[in-house]
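An overview of the molecular structure
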Amino acid sequence: QADEFSSWAGFPVAQLTTAAQASLPPVEKAEYASRIRKYLAGRRAREDILRGEWFGDPAWDILLDLLASSYESRHVWIGSACIAAAVPQTTALRWVNRLVDAGALLRRSDPCDGRRNYLMLEPALAARLELWVTCHLMPPNSAPRRAFTG
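Residues numbered from 1 in each chain as written. Predicted model: local features only at pLDDT ≥ 70, side-chain atom pairs only at ≥ 80, totals over all residues. Heavy atoms only, no water.

1. Structural notes on the sheet that holds strand β1 (residues 76-77)
With respect to topology, three strands assemble into an open sheet ordered β1-β3-β2, the strand pairing being antiparallel. Of all the strands in the sheet, the pair left with one neighbour each is β1 and β2 (105-109). Bridge count for β2 against strand β3 (residues 117-121) is five bridges, and the pairing is antiparallel. Following the sheet pairing, L105 is matched in β3 by L121. Of the strands in this sheet, β1, β2 and β3 touch helix α3 (residues 58-71), which is tilted by about 90° from β3. (Pairing = 2+ DSSP bridges. Helix = DSSP H or I, 4+ residues; strand = E, 2+ residues; numbered from the N terminus. Contact = heavy atoms within 4.5 Å. Axes fitted to C-alpha atoms, helices over the stretch in contact; angles between N-to-C directions.)

2. Describing the packing of helix α4 (residues 78-85) against helix α5 (residues 89-101)
Close contact between α4 and α5 brings their axes to 9 Å; oriented N to C, the two are set at 110°. Taken together, the axes of α4 and α5 are roughly perpendicular relative to one another. Relative to α5, α4 is oriented so that their crossing is right-handed. Where α4 abuts α5, its residues I78, A81, C82 and A85 lie against Q89, A92, L93 and V96. In terms of residue class, the contact of α4 with α5 is built from seven nonpolar, one polar and no charged. (Parallel < 35°, antiparallel > 145°, perpendicular 65-115°, else oblique. Left-handed = near helix turned anticlockwise from the far one by under 90°. Nonpolar A, V, L, I, M, F, W, Y, C, P; charged D, E, K, R; others polar.)

3. Describing the nonpolar core
With 33 residues, the main nonpolar core has I36, I62, L105, L119 and L121 as its most contacted residues. For this core, the secondary structure elements donating two or more residues are α2 (26-50), α3, α4, α5, β3 and α6 (123-136). A per-element tally of this core places α3 first, with nine residues. Those residues in contact with I62 that sit more than four places away from it in its chain are A81, A85, A92, W95, V96, L99 and L105. (Core = buried A, V, L, I, M, F, W, Y, C linked by side-chain atoms within 4.5 Å. Buried < 20%, exposed > 50% of the residue type's maximum accessible area, 1.4 Å probe, protein only.)

Such coordinate-based values are descriptive only and should not be taken to indicate function.
Next comes the structure, spelled out in structure tokens:
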């Protein structure tokens, strides 16, 4: 599927990733994506166990889902980002708009269907999120030895 989107919407996949991501071997990219997805699943499990809305943080969930998707070379439609936020769709859309307005997310139109838009992380923010993942989700000995900038 990565080949299908290699230059989709006029943005080569290499442009949708940070320099650190682009230099990772596929196995390491898969490991980063897996760790992020497990972390997000743990957040959902925490909410299920405690049966409360004490932990709502839709912006964080959207950002991490977009980061994991970038490691997987997948584009994320706005509707999918709303699902990842695990809040009502109207609340998620408000957060998406806030993140776009703040410059944290970039919104791109689908060239085949002008009604649809997809989102991607602003590159400098993506680099900072990668640093967080490296420091907090990856085992110390498996983190790539690269300088993250951003």
